[in-house]
Each structure stands twice: as C-alpha cells, then as structure tokens.
Amino acid sequence: MPARKKSSGPKATVDEMLLYYRRMLLIRRFEEKAGQLYGMGLIGGFCHLYIGQEAVVVGLEASAREGDKRITAYRDHGHMLACGMDANGVMAELTGRADGYSRGKGGSMHMFSREKDFYGGHGIVGAQVPIGAGLAFSDKYKGNDSVTFVYFGDGAANQGQVYETFNMASLWQLPVVFVIENNQYAMGTSVSRASSTPDLYTRGASFGIEGETVDGMNVVAVRDAGAKAAKHARSGAGPYILEMKTYRYRGHSMSDPAKYRTREEVQGVRSTRDPIDQARDMLVEAGHADQDSLKSIDQEIKAEVNEAAEFSRTSPEPDPSELWTDVYAA
C-alpha cells in the first residue's frame, strides 16, 4: 500500500484546522450513516453520497461570508451540513419525515433552506447552474457584495445550459463562482472518455471567464482558492471558475456497484489523498493534536450522527394534507 504524502502547501491556524477536520468528519460520518439507513430501507428513492469530496465544500464554506449563497446538484448532503444546516433536519428529510427541511417531501435530492442561503439540491443535471446565475443577478441588482457559489460535476460540465449561463454571467459580470466538482466519473464514465479537454475550467476561456484547477482533496488549498475566486467576483470583475480535482469513493448512487474502476484505484486515493487523513496529519505532525484527542472528536461526531438518525426514526410522517401544499398551477 503506498504511503500517504506528507502534508505541505497552504497553511491554517490550529483552530481553523480543527474546525475543518470536525466539519469534514461530520459529513463523512453522516454519509456513512445515510448509507446504512438506505440499506435498511429507511431512505427511499435516490441517494448520492459525498464520501471523499468533503474538502471541497468545507474549504469553500470557509471562504464564504454572511449573505453568500450556494446551490448544487443531487449530491447535496455535505453542502447542507457545511453551511450550517442541522443534521437532524437533513436526516429527517432523507427519511421522508415531517421534521425534515422540506417537510419530508423533497428527500435526498431536493432540500432547501432560505435561512442558510442554501437553494438546493437539484435532480436535473446542470439545471442548478442557470438558477445560480439568477441568484447572483439578484445580488448585483440589489447592489450588495454577496457571491453565489454554484456547484456542478464533471458530467454536468458537458451540458449546454452551462455554457449559456457562462455567456450570460460574463456578459453581465455577475458575482458568481462556478465550482466544478470533478470527481473523475460522470455516473460511470471517466472524464477522460467524456471530455476533449483535460482541464474543465478552461472551457470558460471563450467567454472571458478566468479560472484555475485546485487540489480538491486539500481543504486549505480549497479555502485559499475560494477566497481568491470570491474576491474576484465581489470586486465586480465577473464570474470565476474553480475546478476541484476530487474523488468519490462510493458509486454514483446507492444503486451503482461502480464496476467501471478497480478497488486498487479507489484504495490508492484513500491511502494517499484522503482529505480527512490529510487534515489529521497536519494536526498531528504540528503537535496540535494526538490520536486520543482526535478519537474523542470522532466519538462526538458519531454521537451527533446517531442522534440525527434516531431523530429521523421518531419524527412523524408528513400529514396527508401536505399533498396539497407547495403545489403550483397556472
């Protein structure tokens, strides 16, 4: 088994690293528990886990300000937790319960929180991208300095509406950061087989949109890139593209056996680039934490996640009258 690389590169304070470590671990343990509940039949429909990609959203949330907005696709549980949504409410929504963020009607892919400026969770590939540009247009119209972070994957990067949005965002100089979470596989197709360009961020060049590729497995590198991109967008210079080179350990969804890649490939990434292990190494190597203190954090996180699972089990199912709420007709 290859040895994990020694931590290096961008730096963070002890308190920052402990916070990032805790937030990434919360997402990891939450997603592991969600996978268990799905296997028990307590979560129905689709369920896409974020395991392996935790550094992307935690790092970008560290660069966000009050009033900034975020919108993403169906692999969204990590984004909710990272922006401060309550684990109980997220888990209750996953299990279709009345105490969920969408009152049990949205499930895994369609949650929403106006209070946390989280605008979904969208099940249609790429559909969130133009909506995100609309959120950024609203902020520009209001004259504030808020930024919208629009997340989408390497598969969605091939959708036509993404390029329509790039054009409009550049034309109107919208304060938006486009985040391509390149986890190497669009469902079951390797990005090398689906993209004629090795670096997806360069697709913004024809629209005059600046961008860069980022180590999406290093939370501090992500944070620093996010701060740079957000500053660019806030300044009135228009959109910016961040391509996060990341990796998902599980299949595309719970029904995907992921036979299109080898176990050795997945284990190779886990053993050398895992974002949580990297953060742990940074803390231990600098003498800011030991294995016992980190195990204690893990135990606290597991207790929080178990509490969320129990909350979801005891939350009531939606009242039948909910069938007639939030229904729009012309």
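Further up the page is the structure itself.
Criteria and cut-off values
Residues numbered from 1 in each chain as written. Predicted model: local features only at pLDDT ≥ 70, side-chain atom pairs only at ≥ 80, totals over all residues. Heavy atoms only, no water. Helix = DSSP H or I, 4+ residues; strand = E, 2+ residues; numbered from the N terminus. Buried < 20%, exposed > 50% of the residue type's maximum accessible area, 1.4 Å probe, protein only. Contact = heavy atoms within 4.5 Å. Areas by Shrake-Rupley, 256 points an atom, 1.4 Å probe, with all protein chains shown as cover. Lys, Arg positive; Asp, Glu negative; His and termini not counted. Charge placed at Lys NZ, Arg CZ, Asp CG, Glu CD. Expected span 1.5 Å × (residues − 1). Polar contact = N/O pair within 3.5 Å; in protein donor to acceptor, adjacent residues only side chain to side chain. Axes fitted to C-alpha atoms, helices over the stretch in contact; angles between N-to-C directions. Parallel < 35°, antiparallel > 145°, perpendicular 65-115°, else oblique. Left-handed = near helix turned anticlockwise from the far one by under 90°. Nonpolar A, V, L, I, M, F, W, Y, C, P; charged D, E, K, R; others polar. Phe/Tyr/Trp six-rings, centres within 6.5 Å; stacked < 30°, edge-to-face > 60°. Salt bridge = Lys/Arg side-chain N within 4 Å of Asp/Glu carboxyl O. Pairing = 2+ DSSP bridges.

Student: Explain the overall build of the protein chain here, please?
Tutor: Looking only at helices and strands, the protein chain has 11 helices and seven strands in total. Each principal axis of the C-alpha atoms in the protein chain carries an extent, and together these give about 55 × 50 × 40 Å. Residue burial in the protein chain is summarised as follows: out of 330 residues, 54% are buried. Within the protein chain, contacts between residues separated by at least 24 positions form 76% of all contacts whose residues are at least 6 apart in sequence. Accessible surface computed for the protein chain: about 14,900 Å², of which carbon and sulfur atoms make up 52%. For the protein chain, the separation between the mean place of its 38 positive charges and that of its 43 negative charges on side chains is 4 Å.

Student: Please explain helix α8 (residues 219-234) as it appears in this structure.
Tutor: Since the α-helix packs 3.6 residues into each turn, any two residues three or four apart lie on the same face. Spanning 16 residues, α8 covers 22 Å between terminal C-alpha atoms, matching the ideal 22 Å at 1.5 Å per step. Counting buried residues along α8, 12 of its 16 residues qualify, which places the element largely inside the surrounding structure. If you check which residues of α8 are buried, you get V219, V220, A221, V222, R223, A225, G226, A229, A230, H232, A233 and R234. At the N-terminal boundary of α8, the capping side chain belongs to N218, with an oxygen 3.0 Å from the backbone nitrogen of V220. Two residues or fewer after α8 comes G236, characterised by a positive phi angle close to 95°.

Student: It is not clear to me how the packing of helix α1 (residues 14-39) against helix α2 (residues 54-61) should be interpreted in this structure. Could you clarify?
Tutor: Axes are the key here: two packed helices are described by the angle between their axes and the distance separating the axes. At a minimum axis separation of 9 Å, α1 and α2 run at an interaxial angle of 135°. The orientation of α1 relative to α2 falls into the category oblique. Judged by the sense of rotation from one axis to the other, the crossing of α1 with α2 is right-handed. Contacts between α1 and α2 involve Y20, R23, M24, I27 and R28 on the former and, on the latter, E54, A55, V57 and V58. Split into classes, the residues belonging to the contact of α1 with α2 amount to six nonpolar, no polar and three charged.

Student: What am I meant to see in the packing of aromatic side chains here?
Tutor: In this description, an aromatic ring pair is defined by two values, namely the gap between the centres and the angle between the planes. What the rule picks out here adds up to 10 aromatic pairs. With a centroid separation of 6.3 Å and 50° between ring planes, the pair formed by Y247 and Y249 is classed as tilted. The same class applies to Y247 as to Y249, namely buried. By way of ring pairs, the aromatic residues Y163, F166, F178 and F207 are connected into one cluster.

Student: Help me out: how do you make sense of the pattern of salt bridges in this one?
Tutor: A pair can form between side chains of opposite charge whenever their charged atoms are brought close. Under the counting rule described, the total for this entry stands at 21 salt bridges. With a closest N to O distance of 3.1 Å, E16 and R223 form a salt bridge. Of this pair, E16 sits in helix α1 while R223 sits in helix α8, placing them 207 residues apart in sequence. With a relative accessible area of 29%, E16 lands in the partly exposed category.

Student: When you look at helix α4 (residues 87-94) in this model, what are you seeing that I'm missing?
Tutor: In terms of burial, α4 is a largely internal element, eight of the eight residues being buried. Buried residues of α4: A87, N88, G89, V90, M91, A92, E93 and L94, and no others. After α4 finishes, the residue G96 shows a positive phi value of roughly 70°.

Student: Please explain the sheet that holds strand β7 (residues 240-245) as it appears in this structure.
Tutor: Two orientations exist for strands paired in a sheet by backbone hydrogen bonds: parallel and antiparallel. Strand order in the open sheet formed by five strands is β1-β2-β3-β7-β6, with parallel pairing between adjacent strands. The sheet terminates laterally at β1 (69-71) and β6 (210-215), the two strands that pair on one side only. Looking at each pair of strands side by side, their axes are set apart by 20° on average, direction ignored. Across six bridges, β6 lies against β7 in parallel orientation. Note that in β7 the partner of T213 across the bridge is E243. Helix α5 (residues 128-142) rests against β1, β2 (148-153) and β3 (176-182) of the sheet, and its axis sits at about 170° to β2. Packing of helix α6 (residues 160-171) onto the sheet brings it into contact with β2, β3 and β7, and relative to β3 it is tilted by some 150°.

Purely geometric numbers; function is a separate question.
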